[in-house]
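Working through the structure, step by step
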Amino acid sequence: ADCRYTCHQECRSLIQLDCRRPGQCQSQLSPESTLLPPCTQNVTQTVKEEKPEPLTIQEIKQKIEKYNAKVTNCLLMKLNDDGTYTGFIKVHLKLRRPVTVPAGIRPQSIYDALKEVNLADMTDKRTSFYLPLDAIKQLHISSTTTVSEVIQGLLKKFMVVDNPQKFALFKEMRKDGQVLFQKLPLTEYPLYLRLLAGPDTDVLSFVLKENETGEVEWDAFSIPELQNFLMILDKEEKDKIQQVQRKYEKFKQRLQQTLKEARGKPG
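Let me sum up the structure you'll find in this document. Keep in mind that what you see is a predicted model, and the values were worked out from it rather than measured. Along each chain, residues carry numbers from 1 onward, in the same order as the chain's sequence is written. Two thresholds apply to this predicted model, a pLDDT of at least 70 for residue-level local features and 80 or more for giving and counting side-chain atom pairs, whereas whole-chain, interface and lining totals are computed over all residues. Side-chain calculation: all heavy atoms of the structure are included, whereas hydrogens and water are not.

So, the overall build of the protein
Looking only at helices and strands, the protein has seven helices and ten strands in total. Put simply, the protein has 267 residues, and 27% of those count as buried. Here a residue-residue contact requires only that any non-hydrogen atoms of the pair lie within 4.5 Å. If you take every contact in the protein between residues at least 6 apart in sequence, the share linking residues at least 24 apart comes to 68%. Counting only carbon and sulfur atoms, one obtains 52% of the accessible surface of the protein, whose full area is about 19,900 Å². Strands here are runs of E lasting at least two residues and helices are runs of H or I lasting at least four, both read from the DSSP assignment and numbered beginning at the N terminus. Exposed residues in this analysis have more than 50% of their type's maximum accessible area, buried residues have under 20%, and partly exposed residues fall in between, with area computed by a 1.4 Å probe over protein chains only. The Shrake-Rupley method, run with a 1.4 Å probe sphere, supplies the accessible areas, and residue values consider only the shown protein chains as cover.

Now the structure itself:
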């Protein structure tokens, strides 16, 4: 009655109005004057993904037995007495930007790993380099290990000192000949997803990529890192310009050749 807002009848419960006169709108709404009849056309609706009910220990045991029966590389899952379980996941590292690591540090030894020695703390010197494209890292984790902990564990194994917020873990799925990526929330449990999907990495695999969703806190980058990014962007821009120039140079040459061949011919 006040703002003349109009909606479908099935949408009425979803409407939240900031009325200038609180209480007036709802009391003066009438189906005859303000509500349209139910829409007969197809409408795209946003449906919240329902979380599946937690599995019982017996259900987990059955799924682990099925999972282990399909494993061909001895990377089995193991059920603990408290209902938790451990297993392996493989993470593909598809990073386009360089990462920052300590300079002049020796590789991590078994002793360092057992004692949880952080070699990155031994020097303040830093250097940047590109990780090999599509490198694969295998992790042994628990069913209680979150995505956030997986990211931190991967960075620690490669002695990467960049802020973990610069990275995100995605699940990669193949459907109808297409490759689909979905970013995982930091509180998700990757091993649980692995258990549900089975050991086949063609069905589900994990990928570590740069966080491209606008959630990166750029203040977390150091000045040298930002300067590195500018240098990379400048190089990519120059390469793209040269690529376009070569393309049209070839087109120009073919056009000139065609004109040359056409001279003297009728028409």
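Having seen the structure, we can now continue with the description.
A short note on helix H3 (residues 57-70)
Given the number of residues in a helix, its expected span is that number minus one, multiplied by 1.5 Å. Taking 1.5 Å as the rise per residue, H3 with 14 residues should run 20 Å; its terminal C-alpha atoms sit 20 Å apart, in good agreement. When we look at burial in H3, the residues that qualify are Ile-60, Ile-64 and Tyr-67. Along the long axis of H3, the arc covered by the buried residues comes to 65 degrees, so they all point the same way. Looking at H3, the residues exposed on the side facing more than 90 degrees away from the buried face are Lys-66 and Ala-69. Where H3 is buried, its residues contact strand E3 (78-79), strand E4 (85-93) and helix H6 (190-197). The arc in question is the one traced by the directions running from the helix axis out to the C-beta atoms.

Some words on helix H7 (residues 223-262)
The terminal C-alpha atoms of H7 lie 59 Å apart, and with 40 residues this matches the ideal 58 Å at 1.5 Å per residue to within 8%. The complete set of buried residues in H7 reads Glu-225, Phe-229 and Ile-232. Where H7 is buried, its residues meet strand E5 (99-102).

Regarding the side chain of Lys-166
Mapped onto the elements of the fold, Lys-166 is located in the loop between helix H5 (147-157) and strand E8 (167-175). Of the polar contacts made by the side chain of Lys-166, one reaches the side chain of Asp-162; its length is 3.3 Å. Pairs of N or O atoms are called polar contacts if they sit within 3.5 Å, as long as, within protein, a hydrogen donor faces a hydrogen acceptor (for residues adjacent in sequence, only side-chain-to-side-chain pairs).

Considerations on unusual backbone geometry
Even without being a glycine, Cys-74 presents a positive backbone phi close to 65 degrees. Note that Cys-74 resides in the loop between H3 and E3. On the accessibility criterion, Cys-74 (68% relative accessible area) is exposed.

Focus on a nonpolar patch on the surface
Like charges are joined within 9 Å and nonpolar side chains (Val, Leu, Ile, Met, Phe, Trp, Tyr) within 5 Å, but only among residues with over 30% relative accessible area and no salt bridge; these make up the patches. Here, a salt bridge means any Lys or Arg side-chain nitrogen found within 4 Å of an Asp or Glu carboxyl oxygen. Together, Val-244, Tyr-248, Phe-251, Leu-255 and Leu-259 give the surface a local cluster of nonpolar side chains, amounting to about 510 Å² of exposed area. Note that Leu-259 resides in helix H7. The class of Leu-259 is exposed, set by a relative accessible area of 52%.

Here we look at the nonpolar core
Throughout this description, the term nonpolar core refers to a set of buried Ala, Val, Leu, Ile, Met, Phe, Trp, Tyr and Cys residues connected via side-chain atoms within 4.5 Å. Core analysis: the biggest nonpolar cluster contains 32 residues, and Tyr-85, Ile-89, Val-91, Leu-169, Phe-206 and Leu-208 have the highest contact counts within it. Among the elements of the structure, H3, E4, E5, strand E7 (135-142), H5, E8, H6 and strand E10 (205-210) are those that each provide at least two residues to this core. Looking at this core, the element that brings in the most residues is H5, giving five residues. Not counting the four nearest positions on each side in its chain, Phe-206 is found in contact with Ile-89, Lys-90, Val-91, His-92, Leu-169, Phe-170, Leu-184, Pro-190, Leu-193 and Arg-194.

Examining the packing of aromatic side chains
Only rings of Phe, Tyr and Trp enter the pairing, Trp through its six-membered ring, and a pair is recorded when the two centres are within 6.5 Å. The plane angle decides the type: under 30 degrees is stacked, over 60 is edge-to-face, the rest tilted. This structure, assessed with the given rule, holds zero aromatic pairs. Either the NZ atom of lysine or the CZ atom of arginine qualifies as a charge over a ring when it sits within 6 Å of the ring centre and within 35 degrees of the ring normal. Looking at Lys-209, its charged tip hangs above the ring of Phe-181, at a distance of 4.5 Å from the centre.

Observations regarding the environment of Gln-152
Within the element layout of this structure, Gln-152 appears in helix H5. Taking C-alpha positions, Gln-152 is 9.5 Å from Phe-167, a pair spaced 15 residues apart along the chain.

Notes on the pairing of E5
Successive side chains on a regular strand alternate, one facing one side of the sheet and the next facing the other. Neither face of E5 is left uncovered, since the one carrying Val-99 and Val-101 and the one carrying Thr-100 and Pro-102 both have all their residues buried. In this description, strands pair whenever DSSP reports at least two bridges between them. As defined by bridge partners, E5 adjoins strand E6 (residues 126-129) across four bridges and the pair is classed as antiparallel. Residue pairing for E6: Val-99 is matched across the bridge by Phe-129.

As for the environment of Phe-88
Checked against the element boundaries, Phe-88 lands in strand E4. In sequence terms Phe-88 and Pro-199 are 111 residues apart; their C-alpha atoms lie 9.5 Å from each other.

Observations regarding the pattern of salt bridges
Summed over all chains, the structure comprises four salt bridges. The salt bridge partner of Glu-172 is Lys-94, with a shortest N-O separation of 3.5 Å. Of this pair, Glu-172 sits in strand E8 while Lys-94 sits in the loop between E4 and E5, placing them 78 residues apart in sequence. In this structure, Lys-235 and Asp-239 form a salt bridge, with 3.1 Å as the shortest nitrogen-oxygen distance.

Description of the side chain of Ser-143
Summarising the element assignment, Ser-143 is placed in the loop between E7 and H5. Among the residues examined, Ser-143 registers a relative accessible area of 12% and is labelled buried.

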